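Next come the chains, spelled out residue by residue.
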Amino acid sequence: MTHRLYIGNRLYFSGSLAAWLMVDRFGLSPHVATTVLYPATEDGVGALMTDLAPARTLPTMVTKDGAILSDSMAIAEELATRYPDAGLWPRDPVARGTARTLANEMHSGFRALRGAWPLNLHRSYQPVTPPADAAAECARLEAIWAHARAVTGAQGPWLCGDYCIADAIFAPMAVRLANYGFDTGPVTRAYCAAHLADPALRRWRAMGLAAGKAAAAFEHDGPPRPWPGPAPLPATAVETGTPQNATCPYSGDPVTHLMRMDGRTFGFCNAFCRDKTVADPAAWPAFMALL
Ligand SMILES: N[C@@H](CCC(=O)N[C@@H](CS)C(=O)NCC(=O)O)C(=O)O
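The numbers attached to residues start from 1 for each chain and follow its sequence in the written order. Confidence filtering applies because this is a predicted model: local features only for residues at pLDDT of at least 70, side-chain atom pairs given and counted only at 80 or more, and all residues used for totals across whole chains, interfaces and linings. Values reported for side chains reflect all heavy atoms of the structure, with hydrogen atoms and water molecules removed beforehand.

K.L.:
It is not clear to me how the pattern of salt bridges should be interpreted in this structure. Could you clarify?
P.N.:
Note that side chains of opposite charge can pair when their charged atoms are close. Any carboxyl oxygen of Asp or Glu that lies within 4 Å of a side-chain nitrogen of Lys or Arg is treated as forming a salt bridge with it. Considering all chains together, one arrives at 10 salt bridges under this definition. Note that Asp-65 is salt-bridged to Arg-82, the shortest N-O span being 2.6 Å. With Asp-65 in the loop between β3 (60-62) and β4 (68-69) and Arg-82 in helix α2 (residues 72-82), this pair connects stretches of sequence that are 17 residues apart. Salt bridges linked by common partners bring Asp-65, Glu-78 and Arg-82 together as one network. Only DSSP runs of H or I covering at least 4 residues are called helices, and only runs of E covering at least 2 are called strands; the numbering of each starts at the N terminus.

K.L.:
Hey, could you run me through the environment of Ser-29 in this one?
P.N.:
On the secondary structure map, Ser-29 appears in the loop between α1 (14-24) and β2 (32-36). Along the backbone, Ser-29 and Glu-219 are 190 residues apart, and their C-alpha atoms lie at a distance of 29 Å. Among residues more than four places away in sequence, those in contact with Ser-29 are Val-23 and Asp-24. Here a polar contact is recorded for every N or O atom pair within 3.5 Å, except that within protein the pair must consist of a potential hydrogen donor and a potential acceptor, and residues adjacent in sequence are included only if both atoms are side-chain atoms. Among the polar contacts listed, one links the side chain of Ser-29 to the side chain of Asp-24, at a separation of 3.2 Å. Contacts were defined at the residue level, with two residues in contact if any of their heavy atoms lie within 4.5 Å.

K.L.:
Explain the pairing of β2 here, please?
P.N.:
Residues in a regular strand point their side chains to alternate faces of the sheet. The pairing criterion for strands is at least two bridges between them, as found by DSSP. Of the pairings in the sheet, the one linking strand β1 (residues 3-7) to β2 comprises five bridges and is parallel in character. For Arg-4, the partnering residue across the bridge sits in β2 and is Ala-33.

K.L.:
What am I meant to see in the site of the ligand here?
P.N.:
Neighbouring residues of the ligand: Phe-13, Glu-42, Val-45, Thr-57, Leu-58, Pro-59, Asp-71, Ser-72 and His-107. Glu-42 is positioned such that a nitrogen or oxygen atom in its backbone is 3.3 Å from a nitrogen atom of the ligand. In this structure, Ser-72 approaches the ligand through a main-chain N or O atom, which is 2.7 Å from an oxygen atom. Using a 1.4 Å probe, accessible areas were evaluated by the Shrake-Rupley method; residue-level cover was limited to the displayed protein chains. When the ligand sits alone it has 510 Å² of accessible area, and the protein chains cover 69% of it. Put simply, Ala, Val, Leu, Ile, Met, Phe, Trp, Tyr, Cys and Pro go in the nonpolar bin, Asp, Glu, Lys and Arg in the charged bin, and everything else, Gly too, in the polar bin. Of the residues that constitute the shell around the ligand, the class distribution is four nonpolar, three polar and two charged. If even one non-hydrogen atom of a residue comes within 4 Å of a molecule or strand, that residue is called near it.

K.L.:
Please clarify how the UniProt feature "domain: GST N-terminal" (unreviewed entry) in the protein should be interpreted in this entry.
P.N.:
Here, the residues flagged by UniProt with the feature "domain: GST N-terminal" (unreviewed entry) are residues 19-81. Here residues 19-81 is 25% helix and 16% strand, with 15 Å between the C-alpha atoms at its ends. UniProt positions are given in the numbering used here, feature names are shortened, and annotations may be inferred rather than shown by experiment.

K.L.:
Before we go on, may I ask you to explain the sheet that holds strand β9 (residues 264-268) in this structure?
P.N.:
In any sheet, the strands associate via hydrogen bonds between backbone groups, in a parallel or an antiparallel arrangement. Taken in spatial order, the three strands make up an open sheet running β7-β8-β9, and their pairing is antiparallel. The sheet is open, and its two borders are formed by β7 (236-238) and β9, each paired with just one other strand. The sheet shows a mean angle of 40° between the axes of neighbouring strands, direction not considered. Think of each axis as a best-fit line through the C-alpha atoms, taken over the contacting stretch in the case of a helix, with angles from 0 to 180 degrees between the N-to-C directions. Here helix α9 (residues 271-279) sits on the sheet in contact with β7, β8 (257-261) and β9, set at roughly 15° to β8.

K.L.:
Help me understand unusual backbone geometry in this model?
P.N.:
Most peptide bonds take the trans configuration, and most residues that are not glycine carry a negative phi. A cis amide bond links Ala-53 to the next residue, Pro-54, at an omega of 10°. With respect to the secondary-structure elements, Pro-54 resides in the loop between β2 and β3. Leu-58 connects to Pro-59 through a cis peptide bond whose omega is 0°. Examined against the element boundaries, Pro-59 turns out to sit in the loop between β2 and β3. Positive phi, close to 55°, is recorded for Arg-56, a residue that is not glycine.

K.L.:
In this structure, what is going on with helix α8 (residues 199-211)? I would like to understand it.
P.N.:
The α-helix winds at 3.6 residues per turn, so residues separated by three or four positions along the chain end up facing the same way. By this rule the span expected of a helix is its residue count minus one, scaled by 1.5 Å. Helix length check: α8 (13 residues) gives 18 Å between terminal C-alpha atoms against 18 Å at 1.5 Å per residue, within 8%. In this scheme, a residue with accessible area under 20% of its type's maximum is buried, one over 50% is exposed, and one in between is partly exposed, where area comes from a 1.4 Å probe on protein chains only. Of all 13 residues in α8, 10 are buried, a share of seventy percent or more. Along α8, the positions that sit buried rather than exposed are Ala-200, Leu-201, Arg-202, Arg-203, Trp-204, Arg-205, Ala-206, Met-207, Gly-208 and Ala-210. Immediately downstream of α8, the backbone of Gly-212 shows phi near 65°, a positive value.

K.L.:
Quick question: what am I supposed to make of the nonpolar core here?
P.N.:
Soluble globular proteins tend to pack their nonpolar side chains together in the buried interior. Put simply, buried Ala, Val, Leu, Ile, Met, Phe, Trp, Tyr and Cys residues joined by side-chain atoms within 4.5 Å make one nonpolar core. Within the largest apolar cluster, 91 residues are counted, with the highest numbers of intra-cluster contacts made by Leu-5, Met-22, Leu-79, Leu-121, Trp-145, Ile-165 and Phe-170. At 11 residues, helix α6 (residues 165-179) tops the list of elements feeding residues into this core. With residues up to four places along the chain from it excluded, the contact list for Trp-145 reads Leu-102, Leu-159, Phe-170, Leu-177, Thr-188, Tyr-191 and Cys-192.

K.L.:
What should I look at first to understand helix α3 (residues 93-108) in this one?
P.N.:
The end-to-end C-alpha distance of α3, which contains 16 residues, comes to 22 Å, matching closely the 22 Å that a straight helix rising 1.5 Å per residue would cover. Residues Ala-95, Thr-98, Ala-99, Leu-102, Ala-103 and Met-106 constitute the buried set of α3. Buried residues of α3 fall within an arc of 130° about the axis and therefore sit on the same side. In α3, the exposed positions that point more than 90 degrees away from the buried face belong to Pro-93 and Ser-108. Backbone nitrogen of Val-94 and a side-chain oxygen of the N-cap are separated by 3.1 Å at the start of α3; the cap is Asp-92. To be clear, the arc concerns the directions from the helix axis to the C-beta atoms.

Structural data, given as structure tokens:
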């Protein structure tokens, strides 16, 4: 028996991205099944969640014992308590306290930025000047990210040392800054780039693209620009060919759907797993092991 995480359209739902990273990024996927709901707008979520009262918002996790957690930080804390060895919070007390305060500030704030710059994992836009209140929040983000690095001595890409809940909850914000071309300083730019290059976030994006549910209601009006994250290895879905693997790299089931890459044909056991791999082959370790 597993917990069940309800998420929205992966291309647009920021809290769902954060909650899923709290699972996948810490190796907890075997404990959590995922259900994707596709409301026409963010306000249309409740009608699809009649069994998940009272909040009926995304993300929601129903634990295997039946508790309904309708808040991303509640999901984070419950996972951290249930899986203490997964490293969701840092072990070092200064890093942990700093990560907690940053994660909670993100969770309870940054309303102007959320409103001005909706998350989009489908495409990115030509640089946009944020409204004054959102610009002040961008400055605040840069300040608290720099503070976290200074007090924890973080040297790598993440805010408090190893990737932790604070990074997962800031991932949507890092994507937003990249989406709308916000002109950050070099440290912030590197942090946003680390999120875009992170294989877990790339898997999320690849699944969002593969689901084929891009929706005008969620898109911004501005002129697009190329995706600012790493370019995927070129691959295409094909109808015919002789795959070099007999079983799907994800399920181990017989191959039914094909893709071409590097002059070679690979097989998968369903269209979605083929298409998520076509979208970004290098994000999937089980596929890359076939190479
Ligand atoms: N406290 C929640 C808020 C979640 C939330 O507002 N989710 C939005 C989608 S991103 C939603 O479900 N909106 C529909 C509604 O509020 O009815 C969290 O951050 O986890």
